[in-house]
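Analysis of the macromolecular model
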Amino acid sequence: MSRPYVLDSSVFIYGVKVSGDVYTVPKVIQELRSVGADVTLQALLNEGLKIESPLEKDVNAVMEKAKSTGDYPRLSPADIDVLAKALQIGGTLVTDDYSVQNVAARLGIETKAIRQERIKRVLTWRHRCVGCGRIYKTETTCPVCGSEVRLKPIKKGAHDSQE
Ligand SMILES: [Zn+2]
């Protein structure tokens with residue numbers, strides 16, 4: 001079996017499908033109920049999502065580390081619990097929260113971001129000359145160099161960074 005995943009609220013809010021051995025914590029469910037985002041939750045529950053509280057010792061380890069990095073004031077009780085759960089079971093934490101990612105890194109917890117992945121997949125399609133690289137509005141023959149103009153995906157690079 002592959003490494004288990006621990007999901008924070010953003011997974012449910014964005015409606016991303018995660019399969020495999022999947023966990024979350026009761027405090028995430030409480031957060032979700034408060035924003036009414038329980039559609040994906042139901043789908044994941046049908047596929048065996050496990051909702052378990054973390055162990056006290058792991059919660060303490062997370063709080064101690066978060067205080068040392070300065071992230072503690074930015075973490076919700078649910079954030080602390082998902083970190084502690086990932087620490088306990090050696091899972092990959094799926095989260096888009098920068099503070100959670102930062103504390104996870106310090107604790108040796110692997111993380112996987114949702115939104116960043118989605119942003120990396122944003123491509124713009126342009127008609128581009130295979131010879132000189134000029135961009136045109138339609139597919140044609142390049143009037144400058146005479147090469148073929150093809151539809152090419154162009155990556156937008158400016159949105160890859162953390163917010
Ligand atoms: Zn050209």
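Everything discussed here concerns the structure shown above.
Small disclaimer: the values here were computed from a predicted structure and weren't measured.

A closer look at the overall build of the protein chain
Scanning the protein chain from N- to C-terminus turns up 7 helices and 8 strands. When contacts within the protein chain are restricted to residue pairs at least 6 apart in sequence, long-range pairs at least 24 apart make up 53% of them.

Description of the sheet that holds strand 2 (residues 22-24)
The strands that make up a sheet pair up through hydrogen bonds in the backbone, lying either parallel or antiparallel. Taken in spatial order, the 5 strands of this open sheet run 3-2-1-4-5, and their pairing is parallel. Looking along the sheet, the strands with just one partner apiece sit at the ends: strand 3 (50-51) and strand 5 (111-112). By the bridge criterion, 2 bridges tie strand 4 (residues 92-94) to strand 5 in an arrangement that is parallel. Within strand 5, the position partnered with Val94 by the bridge is Lys112.

Observations concerning the packing of helix 2 (residues 26-35) against helix 5 (residues 77-89)
Close contact between helix 2 and helix 5 brings their axes to 8 Å; oriented N to C, the two are set at 145°. Here helix 2 runs over helix 5; the crossing is left-handed. Contact residues: helix 2 offers Lys27, Val28 and Glu31, while helix 5 offers Pro77, Ala78, Asp81 and Val82. Broken down by class, the residue content of the contact of helix 2 with helix 5 amounts to 4 nonpolar, no polar and 3 charged.

Structural notes on the nonpolar core
Counting 28 residues, the largest nonpolar core has Val6, Val62, Val82, Leu83, Ala86, Leu93 and Ala104 as the members making the most contacts within it. By residue number, the principal contributor to this core is helix 5, which donates 7 residues. Leave out the neighbours within four places in its chain, and Val62 touches Ile80, Leu83, Ala84, Leu87, Val103 and Leu107.

Let's talk about helix 4 (residues 56-69)
Count 3.6 residues to each turn of an α-helix, and residues three or four apart come out pointing the same way. For helix 4, which comprises 14 residues, the first-to-last C-alpha distance of 20 Å matches the rise-based estimate of 20 Å (1.5 Å per residue) to within 8%. Immediately beyond the C-terminal end of helix 4, within one or two residues, lies Gly70, with a positive phi of roughly 85°.

Focus on the packing of helix 5 against helix 6 (residues 98-106)
Contact geometry of helix 5 with helix 6 gives a least axis separation of 11 Å together with a crossing angle of 30°. Between helix 5 and helix 6, the angle is such that the two are roughly parallel. The handedness of the crossing between helix 5 and helix 6 comes out as right-handed. Counting all contacts with helix 5, which are made through Asp79, Leu83 and Ala86, the residues of helix 6 involved are Val100, Val103 and Ala104.

Things to note about the environment of Val103
If you trace the backbone, Val103 turns up in helix 6. We classify Val103 as buried; it has 29 C-beta atoms within 10 Å.

Cut-offs and rules
Per chain, residues are indexed from 1 in the order of the written sequence. Whole-chain, interface and lining totals are the exception, using all residues; otherwise, since this is a predicted model, local features are given only for residues with pLDDT of at least 70 and side-chain atom pairs are given and counted only at 80 or more. A helix here means a DSSP run of H or I that spans at least four residues, while a strand means a run of E at least two residues long, and both kinds are numbered starting from the N terminus. A residue pair is marked as a contact if its C-beta atoms, positioned from the backbone, fall within 7 Å. When DSSP locates at least two bridges between a pair of strands, those strands are taken to pair. Axes here mean lines fitted to C-alpha atoms, for a helix over just the part in contact, with angles spanning 0 to 180 degrees between N-to-C directions. By convention, the crossing between two helices is left-handed when the near helix turns anticlockwise from the far helix through less than a right angle, and right-handed when the turn is clockwise. Side-chain classes follow a simple rule in which Ala, Val, Leu, Ile, Met, Phe, Trp, Tyr, Cys and Pro form the nonpolar group, Asp, Glu, Lys and Arg form the charged group, and the remainder, Gly included, forms the polar group. As used here, a nonpolar core is made of buried Ala, Val, Leu, Ile, Met, Phe, Trp, Tyr and Cys residues. They are joined through C-beta atoms within 7 Å. Here a residue counts as buried when 20 or more other C-beta atoms fall within 10 Å of its C-beta, as exposed when 12 or fewer do, and as partly exposed in between; the C-beta atoms come from the backbone. Take the residue count of a helix, subtract one, and multiply by 1.5 Å to get its expected span. Note on angle classes: values under 35 degrees are labelled roughly parallel, values over 145 roughly antiparallel, values of 65 to 115 roughly perpendicular, and the remainder oblique.

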